[in-house]
Amino acid sequence: DAGVIQSPRHEVTEMGQEVTLRCKPISGHDYLFWYRQTMMRGLELLIYFNNNVPIDDSGMPEDRFSAKMPNASFSTLKIQPSEPRDSAVYFCASRRGGPSYEQYFGPGTRLTVT
Amino acid sequence: AQSVTQPDIHITVSEGASLELRCNYSYGATPYLFWYVQSPGQGLQLLLKYFSGDTLVQGIKGFEAEFKRSQSSFNLRKPSVHWSDAAEYFCAVGARNDYKLSFGAGTTVTVRA
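A few points on the structure. (Residues numbered from 1 in each chain as written. Chains lettered and ligands numbered in written order. Predicted model: local features only at pLDDT ≥ 70, side-chain atom pairs only at ≥ 80, totals over all residues. Heavy atoms only, no water.)

**Quick word on the overall build of chain B**
Item 1. Each helix and strand counted, chain B has 0 helices and 12 strands in total.
Item 2. Ordered by position from N to C terminus, the α and β elements of chain B give β-β-β-β-β-β-β-β-β-β-β-β.
Item 3. Taken over C-alpha atoms, the radius of gyration comes to 13 Å for chain B, in line with the 13 Å a tight globule of 113 residues would show.
Item 4. Counting only C-alpha atoms and orienting by the principal axes, one finds that chain B spans roughly 45 × 30 × 20 Å.
Item 5. Counting across all 113 residues of chain B, residues that qualify as buried make up 46%.
Item 6. Sequence-distant contacts, at least 24 apart, represent 55% of the contacts inside chain B between residues at least 6 apart.
Item 7. For chain B, the exposed surface amounts to about 5300 Å²; the carbon and sulfur share of it is 48%.
Item 8. Mean positive and mean negative side-chain charge positions of chain B (10 and 9 charges, respectively) differ by 4 Å. (Helix = DSSP H or I, 4+ residues; strand = E, 2+ residues; numbered from the N terminus. Rg over C-alpha atoms; globule rule 2.2 N^0.38 Å. Buried < 20%, exposed > 50% of the residue type's maximum accessible area, 1.4 Å probe, protein only. Contact = heavy atoms within 4.5 Å. Areas by Shrake-Rupley, 256 points an atom, 1.4 Å probe, with all protein chains shown as cover. Lys, Arg positive; Asp, Glu negative; His and termini not counted. Charge placed at Lys NZ, Arg CZ, Asp CG, Glu CD.)

**Focus on the interface of chain A and chain B**
Item 1. Facing the 21 residues of chain A at the interface are 17 residues of chain B.
Item 2. Three residues, Leu43(A), Glu102(A) and Phe105(A), lead the burial of chain A against chain B; their summed loss comes to 29% of the area buried on that side.
Item 3. Remark: the boundary between chain A and chain B carries 2 salt bridges.
Item 4. Applying the counting rule to chain A against chain B returns 7 residue pairs in polar contact (both at pLDDT 80 or more).
Item 5. Every element with two or more residues in the side of chain A that touches chain B is listed here: β4 (31-38), β5 (42-50) and β9 (88-95) of chain A.
Item 6. Among the elements that take part in the side of chain A that touches chain B, β4(A) stands out by supplying 4 residues, more than any other.
Item 7. Residue composition of the side of chain A that touches chain B, by class: 11 nonpolar, 6 polar and 4 charged. (Buried area = accessible area lost by both parts, 1.4 Å probe. Salt bridge = Lys/Arg side-chain N within 4 Å of Asp/Glu carboxyl O. Polar contact = N/O pair within 3.5 Å; in protein donor to acceptor, adjacent residues only side chain to side chain. Nonpolar A, V, L, I, M, F, W, Y, C, P; charged D, E, K, R; others polar.)

**Focus: the environment of Asn50(A)**
Residue and element names in this part refer to chain A.
Item 1. Within the fold, Asn50 resides in strand β5.
Item 2. Judged by its relative accessible area of 19%, Asn50 is buried.
Item 3. If near-sequence neighbours (up to four positions away) are discounted, Asn50 is found in contact with Asp30, Tyr31 and Ile55.

**Considering the packing of aromatic side chains**
Item 1. By the definition in use, this model includes 17 aromatic pairs over all chains.
Item 2. When the centroid spacing of 5.3 Å and the interplanar angle of 35° are considered together, the rings of Tyr35(A) and Phe105(A) count as tilted. Placement of the pair is Tyr35(A) in strand β4 and Phe105(A) in strand β10 (residues 104-105), with a sequence separation of 70 residues.
Item 3. Judged by relative accessible area, which is 10%, Phe105(A) ranks as buried.
Item 4. On the basis of an interplanar angle of 80° and a centroid distance of 4.7 Å, the ring pair of Tyr32(B) and Phe51(B) is categorised as edge-to-face. Here Phe51(B) lies in the loop between β6 (44-50) and β7 (56-58) and Tyr32(B) lies in strand β5 (residues 32-38), a separation of 19 residues in the sequence. Each member of the pair Tyr32(B) and Phe51(B) is classed as buried.
Item 5. Chaining the aromatic ring pairs together yields one cluster made of Tyr31(A), Phe33(A), Tyr35(A), Tyr48(A), Phe91(A), Phe105(A), Tyr32(B), Phe34(B), Tyr36(B), Phe51(B), Tyr99(B) and Phe103(B).
Item 6. Directly above the aromatic system of Tyr31(A) lies the positively charged group of Arg95(A), at a separation of 5.8 Å from the ring centroid. (Phe/Tyr/Trp six-rings, centres within 6.5 Å; stacked < 30°, edge-to-face > 60°. Lys NZ or Arg CZ within 6 Å of the ring centre and 35° of its normal.)

**Here's the deal with the nonpolar core**
Item 1. One finds Trp35(B), Leu48(B), Phe74(B), Leu76(B) and Tyr89(B) to be the most contacted residues of the largest nonpolar core, which totals 26 residues.
Item 2. Put simply, the parts of the chain that give this core at least two residues each are β2 (10-14), β3 (19-21), β5, β6, β8 (64-68), β9 (73-78), β10 (87-94) and β12 (107-112) of chain B.
Item 3. Here the element with the most residues in this core is β10(B); it accounts for 4 residues.
Item 4. Those residues within four positions of Phe74(B) in sequence are excluded, and the remaining contacts are Cys23(B), Leu33(B), Phe34(B), Trp35(B), Leu48(B), Tyr50(B), Ala65(B), Glu66(B) and Phe67(B).
Item 5. One finds Val19(A), Leu46(A), Met60(A) and Ala67(A) within the second-largest nonpolar core, a separate group that totals 21 residues. (Core = buried A, V, L, I, M, F, W, Y, C linked by side-chain atoms within 4.5 Å.)

**Quick notes on the sheet that holds strand β8 (residues 74-79) of chain A**
In a beta sheet, neighbouring strands are held together by backbone hydrogen bonds and run either parallel or antiparallel to one another.
Residue and element names in this part refer to chain A.
Item 1. Strand order in the open sheet formed by 4 strands is β1-β3-β8-β7, and the pairing between neighbours is antiparallel. Sheet topology places β1 (5-7) and β7 (65-71) at the edges, where each strand pairs with a single neighbour. The sheet shows a mean angle of 15° between the axes of neighbouring strands, taken without regard to direction.
Item 2. Where strand β3 (residues 19-24) and β8 come together, 5 bridges link them in antiparallel fashion. Its bridge partner lying in β8, Cys23 is registered against Ser75. (Pairing = 2+ DSSP bridges. Axes fitted to C-alpha atoms, helices over the stretch in contact; angles between N-to-C directions.)

So this is what it looks like as structure tokens:
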């Protein structure tokens, strides 16, 4: 199994630009999570999906952030327009349904907004 | 809502010495508990998990953790650390009625020769 795949691994962009982060979950996992990690706030859950449907987006910081999951093997997190305070590492994680399954994390995308 | 406190931000330990990382959780019922490890520039890897049953849980890389309900704790231990154990360690708690996890702030472990 290839694990959770994220792309790009590193992204440097200028303030005001649109940024799209991508995630491919582990096959057979029907839950997908997007997290943001910063020194100041630690690891925060942004949004999660079940069977491609957003279940809880209460962690999405503001309207500049949006996430989609068009099918079971692909999700995107978009920031438009980007701001320097969005600089962080963004992780995608997936898991199977059921009460006792852990989340598997991707390697993360390090985003720098200048 | 559940929450996690990791009281130690940074721990330095000598190679071969024992290690204990503290984790306290807040949750009204029996939680799901996890320890993850993050090496520099990497994602989080699961070390071990507790759902029910035996309160002493064995994980990968020689780690173990003990769930103590009376103390709301889930401390991670390793009898003898290796230089490769230098990393950041996260404790996480999950509720039994949803699939979200709440993570602690993490403890950075430095291993000195």
